[in-house]
Amino acid sequence: MLDFTIDVETCIGCGQCSTDCPAMIISMDTGLPTIAQDLEQFCIRCMHCVAICSEGSVSIVGYGPHEGMPLSSESQPKPEQLEMLIKGRRSMRKYQDKNVDSLVIEKLVEVASHAPSGHNDRQLLYTLVEDKGIVYDLREEAFAGLEKLVKEEKLPEGMEMFVDIIEAWKKSGTDILFRGAPHLLIVSAPDDNASPLHDSIIALTTFELYAQSCGVGTIWNGLATLTITELVPSLKKRLGIPEDHKIGYVMGFGYPAIQYERTISRGMPRMNRVK
């Protein structure tokens, strides 16, 4: 049941909810918004109807106007602030040896879950390693699995760099694999999701930018992603990620141990202007 509810005392019958509905299932035939019972199955639960209602008259799937934050031009960040956030973000490879506060982590993931997704499927699974001790254990398991591949000469062609990564860890304790991050976030989605890999990457990008604004550093960890998805797949089971899930990427995060002092200039990118 959608539980599509209209406050008849405040609704002005403007029809914005109807015209903005992506599924085109909201009718204004009676002068007030309605959804026929046989059309409810086509609702994608985007809640555009709730978000667009100027009078706060629409509720759906148990969500109403009072659960949201009011939007206005004054409440939005200024373009220069977003530019600073985007240009100031850098991949963090040096972290403080402590956990990020659990309430901060919870907020980061909650905000990231608002990222757009294909067909609004929202089947993403956020696998969170929120204790640095568990990351340490995972690192040991990962290196043990990688060493086994090397000894048995089963390391795939093109992955020879993992030999040097193992040596750096064994000889000097240099963690190139997880970059010393105290936390990991792995986003995955079922195979039958509309766009599992794309949705995962979009969610992690959203997580990363919000984390930056909260003073939390991040790194897109391709080496850890390769290790979990291809080289030591037992780690996927250890992490509790379902077999039918595709992993989008692994992100390390934590409080930075260093501070960057300025943005840089990359110049204009390559552009293909269509005329």
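Below, the structure is looked at part by part. For every chain, the first residue of the written sequence is number 1, and numbering continues from 1 onward in sequence order. A pLDDT threshold of at least 70 governs which residues receive local features in this predicted model, and a stricter bar of 80 or more applies before side-chain atom pairs are shown or counted, although totals over entire chains, interfaces and linings include all residues. Each side-chain value is derived from all of the structure's non-hydrogen atoms; neither hydrogens nor water enter the calculation.

### A short note on the overall build of the protein
Consideration 1: Helix numbers and strand numbers start at the N terminus; a helix is a DSSP run of H or I with at least 4 residues, a strand a run of E with at least 2. Check the secondary structure of the protein and you find nine helices and eight strands.
Consideration 2: Taking the principal axes of its C-alpha atoms as reference, the protein extends roughly 75 × 50 × 45 Å.
Consideration 3: To sort residues, take the accessible area from a 1.4 Å probe on protein chains only and compare it with the maximum for the residue type: under 20% means buried, over 50% means exposed, and anything in between is partly exposed. Across the 275 residues in the protein, those meeting the buried criterion constitute 36%.
Consideration 4: Taking the contacts inside the protein whose residues are at least 6 apart along the sequence as the reference set, 76% of them involve residues at least 24 apart.
Consideration 5: Note that accessible areas follow from Shrake-Rupley with a 1.4 Å probe, and for residues the cover is restricted to the protein chains shown. Carbon and sulfur atoms make up 53% of the accessible area of the protein, which totals about 16,800 Å².
Consideration 6: Counted as positive: Lys and Arg. Counted as negative: Asp and Glu, with His and the chain ends omitted from the count. Here the site of a charge means NZ on Lys, CZ on Arg, CG on Asp, or CD on Glu. Distance between charge centres in the protein, computed from 27 positive and 38 negative side chains, equals 12 Å. By definition in these notes, contact holds between two residues if any of their heavy atoms fall within 4.5 Å.

### A closer look at the sheet that holds strand β6 (residues 183–190)
Consideration 1: Only strands that DSSP links by at least two bridges are regarded as paired with each other. One open sheet holds the four strands; their spatial order is β5-β6-β8-β7, and the pairing between them is antiparallel. One side of each edge strand has no neighbouring strand; the edge strands of this open sheet are β5 (125–129) and β7 (217–220). Geometrically, the sheet is characterised by an average inter-axis angle of 25° between neighbouring strands, direction not taken into account.
Consideration 2: Seen against the sheet, helix α8 (residues 222–231) touches β7 and β8 (245–254) and runs at an angle of roughly 140° to β8. Structural elements are reduced to axes, namely lines fitted to C-alpha atoms, with helices fitted over the stretch in contact, and the angle between N-to-C directions of any two is expressed from 0 to 180 degrees.

### Some thoughts on the pattern of salt bridges
Pairing is possible between side chains of opposite charge, provided their charged atoms come close.
Consideration 1: Any Lys or Arg side-chain nitrogen found within 4 Å of a carboxyl oxygen on Asp or Glu counts as a salt bridge. In this structure the tally under the stated criterion is ten salt bridges.
Consideration 2: Where R238 meets E141, a salt bridge forms, and the shortest distance between an N and an O atom there is 3.1 Å. Of the two residues, R238 sits in helix α9 (residues 234–238) while E141 sits in helix α5 (residues 132–151), which places them 97 residues apart along the sequence.
Consideration 3: Linked by salt bridges that have partners in common, K148, E152 and K154 make up one network.

### Things to note about the environment of M159
Consideration 1: Looking at the element boundaries, M159 is found in the loop between α5 and α6 (161–172).
Consideration 2: Expressed as a C-alpha distance, the spacing of M159 and E106, which sit 53 residues apart in the sequence, is 35 Å.
Consideration 3: Not counting chain neighbours up to four residues away, the residues in contact with M159 comprise L226 and E230.

### With respect to α5
Consideration 1: A helix is expected to span 1.5 Å multiplied by its residue count minus one. In this model, α5 (20 residues) spans 29 Å end to end at C-alpha, consistent with the 28 Å of a helix rising 1.5 Å per residue.
Consideration 2: Turning to α5, its buried residues number three or more, namely V135, L138, R139, A142, F143, G145, L146 and L149. End-on view of α5: buried residues confined to an arc of 165°, all on one side of the axis.
Consideration 3: The inward-facing, buried residues of α5 contact β5, α6, β6, α8 and α9.
Consideration 4: Counting of polar contacts relies on pairs of N or O atoms within 3.5 Å, with two restrictions inside protein: one atom must be capable of donating a hydrogen and the other of accepting it, and residues adjacent in sequence are counted only when both atoms are side-chain atoms. With a side-chain oxygen lying 2.8 Å from the backbone nitrogen of G133, the N-terminal cap of α5 falls on D131. Arc definition: directions from the helix axis to the C-beta atoms.

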